[in-house]
Amino acid sequence: MDHYDSPQTNDYMQPEEDWDRDMLLDPAWEKQQRKTFTAWCNSHLRKAGTQIDNIEEDFRDGLKLMLLLEVISGERLAKPERGKMRVHKISNVNKALDFIASKGVKLVSIGAEEIVDGNVKMTLGMIWTIILRFAIQDISVEETSAKEGLLLWCQRKTAPYKNVNIQNFHISWKDGLGFCALIHRHRPELIDYGKLRKVSWTILALLPCSSPISRYALNFRFFLTDIVGTARPDEKAIMTYVSSFYHAFSGAQKAETAANRICKVLAVNQENEQLMEDYEKLASDLLEWIRRTIPWLENRAPENTMQAMQQKLEDFRDYRRLHKPPKVQEKCQLEINFNTLQTKLRLSNRPAFMPSEGKMVSDINNAWGGLEQAEKGYEEWLLNEIRRLERLDHLAEKFRQKASIHESWTDGKEVMLQQKDYETATLSEIKALLKKHEAFESDLAAHQDRVEQIAAIAQELNELDYYDSPSVNARCQKICDQWDNLGALTQKRREALERTEKLLETIDQLYLEYAKRAAPFNNWMEGAMEDLQDTFIVHTIEEIQGLTTAHEQFKATLPDADKERQAILGIHNEVSKIVQTYHVNMAGTNPYTTITPQEINGKWDHVRQLVPRRDQALMEEHTRQQQNERLRKQFGAQANVIGPWIQTKMEEIGRISIEMHGTLEDQLNHLRQYEKSIINYKPKIDQLEGDHQQIQEALIFDNKHTNYTMEHIRVGWEQLLTTIARTINEVENQILTRDAKGISQEQMNEFRASFNHFDRKKTGMMDSEDFRACLISMGYNMGEAEFARIMSIVDPNRLGVVTFQAFIDFMSRETADTDTADQVMASFKILAGDKNYITVDELRRELPPDQAEYCIARMAPYSGPDAVPGALDYMSFSTALYGESDL
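Criteria and thresholds
- Residues numbered from 1 in each chain as written.
- Predicted model: local features only at pLDDT ≥ 70, side-chain atom pairs only at ≥ 80, totals over all residues.
- Heavy atoms only, no water.
- Helix = DSSP H or I, 4+ residues; strand = E, 2+ residues; numbered from the N terminus.
- Buried < 20%, exposed > 50% of the residue type's maximum accessible area, 1.4 Å probe, protein only.
- Contact = heavy atoms within 4.5 Å.
- Areas by Shrake-Rupley, 256 points an atom, 1.4 Å probe, with all protein chains shown as cover.
- Expected span 1.5 Å × (residues − 1).
- Polar contact = N/O pair within 3.5 Å; in protein donor to acceptor, adjacent residues only side chain to side chain.
- Bend = angle between axes of the 7 residues up to and from the residue.
- Phe/Tyr/Trp six-rings, centres within 6.5 Å; stacked < 30°, edge-to-face > 60°.
- Lys NZ or Arg CZ within 6 Å of the ring centre and 35° of its normal.
- Core = buried A, V, L, I, M, F, W, Y, C linked by side-chain atoms within 4.5 Å.

Colleague: For the overall build of the chain, give the residues involved together with the corresponding values.
Modeller: Looking only at helices and strands, the chain features 31 helices and seven strands. Counting all 887 residues of the chain, 41% fall into the buried class. Of the contacts made within the chain by residues no fewer than 6 positions apart, 72% connect residues no fewer than 24 positions apart. Per element, the accessible surface of the chain, about 48800 Å² overall, is 51% carbon and sulfur.

As structure tokens, this is what we get:
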């Protein structure tokens, strides 16, 4: 039997049944039970991530009630209903009540409807039943259990403590010393019990919610407040909390943790008081530091030197870097401490901390704002003063730098401008000196800005009352005087260079003109000498006539060329005259050309000597080209006759081979007459070969009088002989085929007509597609495989074409195969007589040896009932040669 059903269980449950039936509950006790039971439920529900706020409302749908039972029992209940209707809620509560009943607990007068309706008394009674079953029933001390065991445990634990006499679970706990005694018994370091004079509920009320000794500390605070003002505390509430102490202190490790939590609570109180004192002191110190610092930041006494101002700036930086950061940290920490203190006090239900007058966080922030405003103004003043002194130092340094650069640049310039190097210079050197002088003038103009800047800086330094203004002014005046002198010397040198340049340019222009005219004239003479001595190669009379005409035109230009020669020599003479007249120092010869007058005269004389030699060579070549032209015309006249004759004969032979006039014998006779006439034409071909040999010997490579070459004539002649011979052979083969196959002339004409019709390209051959179309027109019905087989017969070389001979061979075989098979069978029947077989001896006797052996090799032995040795089945011969379909 389950121990939940023991008589002892029924004994402690009996008072609860009376309580349930009476449905009477003191209002003060109801309040204590509501808080206590809510805290107890939440201590378990939080393990599942939820909690309740109103005990009679939050259990109405049964969901959290089922969850609570699952948490405290560690078992899974039936799946709850998730609907919002009353029937779903009743179903969930019934599942919870059924589970409670399954644990041996007798529920009296508690139904699902009362719980769903929010009946507070019934709900509290149900929770108390659950607490008894799952929190109190398992307590066992010296063979007593449940309520008696829990009371005995309390009595033993508090026996050594004065003013503590635990006799029940109501008034014995009213002063709170019983709870303190239980804590001190297990963790004496947490509470100084000897100093306790009155109710110590405040210690317990400050326990954190996570404390192992009291998971309900937050609610326990209000509960103790209630029991202090109650004459008789609620027994069920006291038992619930005491059972929690029992479970909390049941293990040494849990007891130690609980005691530590108490120490922490006390430490929090002490820490809060220390935070208050620290805040007051830190606020006073910070405000005093701000009061002393602001006057220093508001001091605006200027300094006369940059060094002094930089020292002030460095002091300010030290303030920013060293002195202010700790104060910023103190201010931040002050605010953090204040906020932390207020939060701790609020969580402990203590009144908020109110600092002394003038030390509020807002007061400190206002003072700090004034500090930062003074700091900002002081920093701006320092930077402006430093900028002003920096400007003076910068201007003085800038003046020195620019003056030094200018003085360095002008060093030696006056000596350079007074040189007279242009008096012995050439034109190119004069131009180089001018360009160099122009570059100097540009450089001089560019330095004008620097001189003006130097003067402007000196003026600004004077206006700003710079201490070293006298030396600045003296140096500036010296620079300006030197600048004026450089300008005058520059203008004087430019004028001298331009005069010299003008004189040398006149000579240079004459040199350039001489070079411009001498160079092309020299090139013309060199080209003329090259052309007059060039070995020419011509192939036609027109080409030699063109060369002769060009030579005559060249000779016509010689008088003008001689005038140009004399003009070029005249330019050279004029240069010599100027040099002698003005005593110009000419260094070297003409810079634009190396062609001398002597060289021009020498080449001109050579050209005059080459002209008659060219005349003689052109005349001799003209005579030779006239002879070549005669040979061309002679060959062309014959070739223009022979070429068309060969083409005509080829066409006539083609027409004879495809036309159906007369019998094959008539066509053969006609072709042989053509062959004879062609052979008789051979002497003309030989004559043309002789003319061609003369042309080759004369190195004649083209002939405008004919489009035929000897190679064309040879190829055409050979094709003509081959074509007539092949055509004659084809006709002879057609005659043999006709006679061998027994084809009539009408059939031959029909075959020829079909072939000619499908020979669409008129080449004397059908391609594979034309041949397929021809077979289809003649009634053949074949697939690709059959057509491929036929093509392998008519085109064994796989050329892709079918000749007329192959066509008639195929057609004659197709029409003659059946007749041949019948004739062979009839012949064998005559030889066999009345027998169904024929013997080997009979074959060898009646047929020539080779034909007899051919038949014997293709006949199967006869196996009929009348068979004799050497008997052969002559029916098998036809099968072997023509196939079963031909039998």
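Colleague: Can you tell me about helix α12 (residues 235-249), naming the residues and giving the values?
Modeller: For α12, with 15 residues, the first-to-last C-alpha span of 21 Å sits near the 21 Å given by 1.5 Å per residue. Extensive coverage of α12 is indicated by the burial of 13 of its 15 residues. The N-capping residue of α12, defined by a side-chain oxygen 3.3 Å from the backbone nitrogen of Lys 236, is Asp 234.

Colleague: Just give me the short version of helix α14 (residues 306-347), but keep the residues and values in it.
Modeller: Compared with an ideal rise of 1.5 Å per residue, which puts 42 residues at 62 Å, α14 spans 59 Å between its outermost C-alpha atoms and is within 8% of the ideal. At Lys 324, α14 is bent by approximately 45°, the largest bend along its length, and proline Pro 325 sits one to four residues beyond. Phi for Asn 349, located one or two positions after α14, is positive at around 60°.

Colleague: Which residues make up the environment of Arg 614, and what are the values?
Modeller: For Arg 614, the position within the fold is in helix α21 (residues 597-658). For the pair formed by Arg 614 and Asp 534, sequence separation is 80 residues and the distance between their alpha carbons is 9.2 Å. For Arg 614, the residues in contact, after removing those within four places along its chain, are Asp 531, Leu 532, Asp 534, Phe 536 and His 551.

Colleague: Give a detailed account of the side chain of Arg 772, specifying residues and quantitative values.
Modeller: When you line up the elements, Arg 772 lands in helix α26 (residues 768-777). Taking the relative accessible area as the measure of exposure, Arg 772 reaches 18% and is therefore buried. When sequence neighbours within four positions are dropped, the list of residues in contact with Arg 772 reads Met 782, Glu 784 and Phe 787.

Colleague: Now, about the side chain of Lys 331: what can you tell me, with residues and values included?
Modeller: Assignment of secondary structure puts Lys 331 in helix α14. Among the residues examined, Lys 331 registers a relative accessible area of 14% and is labelled buried. Sequence-distant contacts of Lys 331, defined by excluding residues within four places in its chain, comprise Leu 286, Asn 365 and Trp 368.

Colleague: So what about unusual backbone geometry? Which residues, and what values?
Modeller: One non-glycine residue, Asn 163, lies in the positive phi region at around 65°. Summarising the element assignment, Asn 163 is placed in the loop between α8 (146-158) and α9 (177-186). Overall, the relative accessible area of 59% leaves Asn 163 in the exposed class.

Colleague: Could you give an account of the packing of aromatic side chains, with specific residues and numbers?
Modeller: Each aromatic ring pair is characterised by the separation of its centres together with the angle its planes make. Throughout the structure, instances matching the rule amount to 23 aromatic pairs. Consider the rings of Phe 316 and Tyr 319, whose centres lie 5.8 Å apart with planes at 35°: the pair is tilted. Residue Phe 316 and its partner Tyr 319 are both found in helix α14; the two are separated by three residues, about one turn of the helix. What makes Phe 316 buried here is its relative accessible area of 3%. The structure contains a cluster of three or more aromatic residues connected by ring pairs, namely Trp 289, Trp 296, Phe 316, Tyr 319, Trp 368, Tyr 378 and Trp 381. Positioned above the aromatic ring of Trp 409 is the side chain of Lys 413, whose terminal nitrogen or guanidinium carbon lies 4.9 Å from the ring centre. A cation over a ring is seen here: Lys 835 above Tyr 837, with NZ or CZ 5.8 Å from the ring centre.

Colleague: Tell me about the nonpolar core, and please be specific about residues and values.
Modeller: In this structure, Leu 69, Met 126, Ile 127, Ile 130, Phe 169 and Trp 173 are the most contacted members of the largest nonpolar core, which totals 66 residues. Elements supplying a minimum of two residues to this core: α2 (27-45), α4 (63-73), α5 (86-102), α6 (112-116), α7 (120-136), α8, α9 and α12. Among the elements that make up this core, the one with the highest residue count is α7 (12 residues). With 48 residues, the next largest nonpolar core counts Ala 639, Leu 671, Leu 688 and Ala 806 among its residues.

Colleague: Mind laying out the environment of Ser 109, listing which residues take part and the relevant values?
Modeller: Within the secondary structure layout, Ser 109 lies in the loop between α5 and α6. By relative accessible area, Ser 109 is classed as partly exposed at 42%. C-alpha separation for the pair Ser 109 and Met 122, spaced 13 residues apart in sequence, amounts to 8.3 Å.

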